[in-house]
Amino acid sequence: MIAVEDCVLVLLAAGRSRRMGDIGSKLDAPFLGRPLGLHVAVALEDMPFRERVAVVGRAECDYAAHGFTTVQNDDPAMGMSRSLALGVERARARGVKAVVVALADMPRVTATHIYQLLDAADDENAIVASSDGHAPKPPAVFGAGRFDALVALEGDAGARAMVRAGKHVVTTPAELIDVDTPEELERLRELVHAPEAHTRRGRPSFG
């Protein structure tokens, strides 16, 4: 077990939203009365992390208002690993035992699940990822012994190979929904009966 007080939360929020069409950042899209990208920040705001770091791009989400230090990804074209490296370097400077890496486009992640990931992390070389019962995915915990490897990653695959080789904690598929396309956002809105869920002429609406 690694205590949450010995971790930095790294929230990756600098994606380019390429599959969402011309809508700016998907993280600013409304969902249940607030921007999609703020849901994880709110869900985890009572967890006593050593620090919360949001690696941001062009989204307008106000992470600072939720206790985050913001780090600008100046080159999001380098892929997710660039954001991950920026967050891990910040965590390393704080001398923590681990990072918890979460994605801002996964709005249904809960604090309960993050605590379960930390309970399964047993030393500085820990890699503990989430699973829907079929495949590993974020959020994930990486012990400090993995920081060098995380910083050295390149491209959009991020830590995918490392995650596959680690421990996996299963939770419901609904908790691990991520939003990459307009259709996925509309399905999620309909799933939770969000007030934003509606269609016009058979096409998803983001208004």
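A brief look at the structure comes next. Computed from a predicted model, the values in this text were never measured in an experiment.

### Digging into the sheet that holds strand E4 (residues 51-56)
Moving on, step 1. Read across the sheet, 7 strands follow the order E5-E4-E1-E6-E8-E7-E9 without closing on themselves; strand pairing throughout is mixed. Of all strands in the sheet, those bounded by a partner on one side alone are strand E5 (69-72) and strand E9 (167-170). Averaged over all neighbouring strand pairs, the angle between strand axes comes to 25°, with direction disregarded.
Moving on, step 2. Both strand E6 (residues 98-103) and strand E8 (residues 136-143) contribute to a ladder of 4 bridges, which runs antiparallel. The residue of E8 that forms the bridge with Val 99 is Phe 142.

### A closer look at unusual backbone geometry
Moving on, step 1. Residue Pro 139 is bonded to the preceding Pro 138 through a cis peptide linkage, with omega at -5°.
Moving on, step 2. Note on placement: Pro 139 falls in strand E8.
Moving on, step 3. The phi dihedral of His 193 falls on the positive side, at around 55°, and the residue is not glycine.
Moving on, step 4. His 193 sits in the exposed class, given a relative accessible area of 69%.

### Some words on the packing of aromatic side chains
Moving on, step 1. The full count for this structure, using the stated rule, is 1 aromatic pair.
Moving on, step 2. Measuring from ring centre to ring centre gives 5.8 Å for Tyr 63 and Phe 68, while their planes differ by 65°; the resulting arrangement is edge-to-face.
Moving on, step 3. You can call Tyr 63 buried: its relative accessible area is 2%.
Moving on, step 4. With a relative accessible area of 6%, Phe 68 lands in the buried category.

### So, helix H6 (residues 182-191)
Moving on, step 1. When H6 is considered as a whole, its buried residues turn out to be Pro 182, Leu 185, Glu 186, Leu 188 and Arg 189. Mapping the buried residues of H6 onto a view down its axis gives an arc of 160°, with all of them on the same face.
Moving on, step 2. Remark: His 193 follows H6 within two positions and exhibits a positive phi of approximately 55°.

### Focus: the nonpolar core
Moving on, step 1. Of all hydrophobic cores here, the largest spans 58 residues; its most connected members are Tyr 63, Ile 114, Phe 142 and Leu 150.
Moving on, step 2. Of all the elements, strand E1 (residues 7-13) adds the most residues to this core, at 7 residues.
Moving on, step 3. Residues in contact with Tyr 63, not counting those within four places in the same chain, are Leu 11, Ala 13, Leu 27, Gly 37, Leu 38, Ala 41, Ala 54, Val 56, Phe 68, Thr 70 and Ala 104.
Moving on, step 4. Membership of the second largest hydrophobic core comes to 7 residues, among which are Leu 36, Leu 185, Leu 188 and Ala 194.

So, how was this worked out
Residues numbered from 1 in each chain as written. Predicted model: local features only at pLDDT ≥ 70, side-chain atom pairs only at ≥ 80, totals over all residues. Heavy atoms only, no water. Pairing = 2+ DSSP bridges. Helix = DSSP H or I, 4+ residues; strand = E, 2+ residues; numbered from the N terminus. Axes fitted to C-alpha atoms, helices over the stretch in contact; angles between N-to-C directions. Buried < 20%, exposed > 50% of the residue type's maximum accessible area, 1.4 Å probe, protein only. Phe/Tyr/Trp six-rings, centres within 6.5 Å; stacked < 30°, edge-to-face > 60°. Arc of directions from axis to C-beta. Core = buried A, V, L, I, M, F, W, Y, C linked by side-chain atoms within 4.5 Å. Contact = heavy atoms within 4.5 Å.

The quantities given are spatial measurements derived from coordinates; they are silent on function.
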